[in-house]
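Below are the chains, spelled out letter by letter.
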Amino acid sequence: MGSTVSPIEPSETMYTLQRGAINAGLIFFSLAILATLVFGRFVCGWGCHIVALQDFCAWLLKKVGLTPKPFRSRLLVYVPLVAALYMFVVPTVLRALTKPPEEPLIPAFTNHLVTENFWETFPTVAVAIPFLFICGFMTVYFLGQKGFCTYACPYGGFFGIADKFAPGKIRVTDACNQCGHCTATCTSNVLVHAEVKQFGMVVDPGCMKCMDCISVCPNDALYFGFGKPAITVPKASVKKNYSLTWPEEIVGAVVFLASFLAVWDVYQLVPMLMALGCAAVTTFLALKTWKLLRAKEMSFYRFNLKSSGKLRIAGVIFAAFAIVWTGLNAHSGWVRYHEYAGSRAFAQLQIPDELALAQSNPDQWLSPIDREHIAAGKNHLQAASRYGLFANSDALPKFAWFTYLSGDAGGSVPLLEKTAAHQHGQARALSLYYRGTILNRLGRYDEARTSLDEALTERPDLILAREEKGEALWQLGHREEALSVWNEAVRQNSGLVLANNQLAGGLAALGKTGQASVFEKRADQSTPDNPFYHWMIGLRLQGLGMNALAEKHFQRAIQLDPSFQQRRK
Ligand code: SF4
Ligand code: SF4
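To start, this report covers the structure provided alongside it. Along each chain, residues carry numbers from 1 onward, in the same order as the chain's sequence is written. Here the convention is simple: chains get letters from A, ligands get numbers from 1, in the order in which they are written. Thresholds applied to this predicted model are a pLDDT of at least 70 for local features of residues and 80 or more for the giving and counting of side-chain atom pairs; totals over whole chains, interfaces and linings are not thresholded and use all residues. Water and hydrogen atoms were dropped before computing side-chain values, which therefore reflect all heavy atoms in the structure.

**Here's the deal with the site of ligand 1**
We call a residue near a molecule or strand as soon as one heavy atom of that residue lies within 4 Å of the molecule or strand. Within the structure, ligand 1 sits among Cys 176, Asn 177, Gln 178, Cys 179, Gly 180, His 181, Cys 182, His 193, Cys 217, Pro 218, Asn 219 and Leu 222. Cavities and pockets were defined on a 1 Å grid built from protein atoms only: a cavity is a group of points that admits a 1.4 Å probe but offers it no way out, a pocket is an open group of points flanked by protein on both sides within 12 Å along at least five of seven lines, and a lining residue is one with an atom within 4 Å of any such point. Each molecule is checked against the cavity or pocket grid, and it sits inside if more than half of its atoms lie within 2 Å of the grid points. In this structure, ligand 1 is accommodated by the second largest cavity. Each residue is assigned to one class: nonpolar for Ala, Val, Leu, Ile, Met, Phe, Trp, Tyr, Cys and Pro, charged for Asp, Glu, Lys and Arg, and polar for all the others, Gly among them. By residue class, the composition of the shell around ligand 1 is six nonpolar, six polar and no charged.

Structure representation (structure tokens):
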């Protein structure tokens, strides 16, 4: 709480690359990679909380007689590297290709070593609990003790590459008699005895330098020492027993990708690392269930799933779990598709918000393309909202906006209320502002004032909410209070066109014409000479009963574009 060091978390490096923010995460990640270039991949084994969690889970399983077995895939081991490139390299490459030539590749550096919002980039507790359960416990149970590291962790992708160049390695002396204790102990799926025999050292980048193999070797044959890095040894690697055939590898890769895309960011809740963990578990379950259907005999841990072609109780439980898990994945994919399609339609809307909100029904301002996007977007987001398992605080306001634009202003109000209940800070303030604004257009001024007050409590600098609050107060007959709210708005920003006009109209209505003309002049200086803008201001003033001033703007709009005359009818 309060002011503290920014999170010492590698993912924070993304903000350095995208925004130029120098933070503790960047310093930690850079030092960790530099240290890995010398000592090998040791940070994972000695400093990662997820490894600690996986070790704890494996320890618990062993306590009940279950020893996690590694799931070995040739293709999925590349997931961490692909994820690392996606997180840390792809955005910079895209920026390099699309940015204007005069802009720097990385924005100017700013100091974010200390933060007042430590939890800003962390998931909520409600997300963290399933995250730790899936990425810690489930990956260990199904994929082995380092299941998450092997098939999901993007940081491991970078540490694995750096490890290849490191002179620091687990090395062997002549005392080794190939007993295999080291391999049996290694929880990172490294074939220690075979690698030290072939190369004189452990070359597998999955080795986390935990030193367990050194401590169990009965001949004291292993040690940590410096010498040639792994990159110098011939490419031929030690033969491994893989869990999958090549066709299964390909099907597995497709299942992994589909599951990842289905789950990532669904309901705006599932972070990328959790989605990778889910996808790894889904892939294992899908392939294992497929094998279960075809095999005559199969077991998992000490449980007999199938024997003599007959499913045993454990097999039925396994298959049922796999079906429920995969079904949930498929459902997430369906929801994610609708969320994505709805967001795309939202991004293509052309109607400006101010114009849409000038009257309770924006129908006359909608282009045919807007109408198409509104109908499609509303359908998609309605489906996601109706059949989704959780509320999506990003999709809900878009659904509310589509609902409003489709002519159902009343229907958008409870949706915005529901949205605000799931949001915080700026996002919540905006939802409450939109709700208050729509309530104003519907003539529900008391409710509007309450909503706008809540928006201003969240963000006192939200001037748009101040303009609207003044409107609610004016309509409720609290005219002096309305003028003071508009005054506060122009005190914060003297160039506000609407607030200056509202003050001019309000003061004129109270007979204070001298003061009114000061604000009117100030408004005119900042008003863009755009017929839509003048018309919008005219509508807002007309709604407040400030007809003379409204008429001036209507006339100016018609002067700029005579077709606006039609809109008077
Ligand atoms: S435990 Fe020691 S002796 Fe046995 S294979 Fe490993 S390095 Fe060789
Ligand atoms: S047991 Fe040995 S080979 Fe396995 S991760 Fe630990 S140090 Fe590396």
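**Section: the sheet that holds strand E8 (residues 303-307)**
The sheet built from three strands is open, its strands ordered E7-E8-E9 with antiparallel pairing. Two strands close off the open sheet at either side, each with one partner strand: strand E7 (298-300) and strand E9 (310-311). In short, DSSP must find at least two bridges between two strands for them to pair. Strands are runs of DSSP state E lasting at least 2 residues, helices are runs of H or I lasting at least 4, and numbering of each runs from the N terminus. In the sheet, E7 pairs with E8 via three bridges, with the strands oriented antiparallel. The residue of E8 that forms the bridge with Phe 300 is Phe 303. Seen against the sheet, helix H14 (residues 272-294) touches E7, E8 and E9 and runs at an angle of roughly 150 degrees to E7. Here, residues are in contact when the closest pair of their heavy atoms is within 4.5 Å. Interaxial angle, 0 to 180 degrees, is taken between N-to-C directions of lines fitted to C-alpha atoms, where a helix line uses only the stretch in contact.

**Overview of a nonpolar patch on the surface**
A surface patch of nonpolar side chains, amounting to about 1,100 Å² of accessible area, comprises Ile 27, Leu 31, Leu 34, Leu 37, Val 38, Phe 39, Leu 113, Val 114, Ile 161, Phe 165, Phe 226 and Ile 231. Among the secondary structure elements, those contributing two or more residues to the nonpolar patch are helix H2 (24-39) and helix H9 (154-165). As for its position among the elements, Leu 34 is in helix H2. A patch consists of residues whose relative accessible area exceeds 30% and which take part in no salt bridge; residues with like charges are grouped when within 9 Å of each other, and nonpolar side chains (Val, Leu, Ile, Met, Phe, Trp, Tyr) when within 5 Å. In these tables, accessible area is a Shrake-Rupley quantity obtained with a 1.4 Å probe, and a residue counts as shielded only by the protein chains included in the view. Take a side-chain nitrogen of Lys or Arg and a carboxyl oxygen of Asp or Glu: if they are within 4 Å of each other, that pair is a salt bridge.

**Points about the pairing of E8**
Joining the antiparallel neighbours E7 and E8 is a turn of two residues, in which Tyr 301 adopts a positive phi near 50 degrees. Summarising the sheet, E8 and E9 pair through two bridges and their orientation is antiparallel. Opposite Lys 306, over in E9, you have Leu 311 as the bridge partner. Connecting E8 to the next strand, E9, in antiparallel fashion are two residues, including Ser 308 with a positive phi near 50 degrees.

**Some thoughts on the site of ligand 2**
Taken together, Ile 170, Cys 186, Ser 188, Val 192, Cys 207, Met 208, Lys 209, Cys 210, Met 211, Asp 212 and Cys 213 make up the full set of residues near ligand 2. For the shell around ligand 2, the per-class residue count stands at eight nonpolar, one polar and two charged.

**Structural notes on the nonpolar core**
We call a set of buried residues a nonpolar core when its members are Ala, Val, Leu, Ile, Met, Phe, Trp, Tyr or Cys and they connect through side-chain atoms within 4.5 Å of each other. To sort residues, take the accessible area from a 1.4 Å probe on protein chains only and compare it with the maximum for the residue type: under 20% means buried, over 50% means exposed, and anything in between is partly exposed. Membership of the largest hydrophobic core comes to 67 residues, with the highest contact counts inside it found for Tyr 404, Leu 405, Trp 486 and Trp 535. The biggest single contributor to this core is helix H18 (residues 395-405), with eight residues. If sequence neighbours within four positions are ignored, Trp 486 has contacts with Arg 466, Glu 467, Gly 470, Glu 471, Trp 474, Ala 499, Gln 502, Leu 503, Leu 544 and Met 546.

**Overview of the pattern of salt bridges**
Oppositely charged side chains can pair when the atoms bearing their charge come close. Throughout the structure, instances matching the rule amount to 24 salt bridges. For Asp 363, the salt bridge goes to Arg 371, with nearest N and O atoms at 2.8 Å. Given a relative accessible area of 38%, Asp 363 falls into the partly exposed group. Among the ionic pairs, Asp 529 bridges to Arg 556, the shortest N-O distance being 2.5 Å. One end of the pair, Asp 529, is in the loop between helix H25 (513-526) and helix H26 (531-543); the other, Arg 556, is in helix H27 (residues 547-560), and 27 residues separate them in sequence. Judged by its relative accessible area of 47%, Asp 529 falls in the partly exposed class. For Arg 556, a relative accessible area of 26% translates into the label partly exposed.

**Focus: the packing of helix H5 (residues 79-88) against helix H6 (residues 90-98)**
It is the contact of H5 with H6, at a shortest axis distance of 4 Å, that shows an interaxial angle of 45 degrees. Comparing the axis directions of H5 and H6 gives the class oblique. Residue-level inspection shows Leu 85, Tyr 86, Met 87 and Phe 88 of H5 in contact with H6, the latter providing Val 90, Pro 91 and Thr 92. Residues that form the contact of H5 with H6 fall into these classes: six nonpolar, one polar and no charged. Any angle that is under 35 degrees is reported as roughly parallel, and any over 145 degrees as roughly antiparallel; angles of 65 to 115 degrees are reported as roughly perpendicular and all others as oblique.

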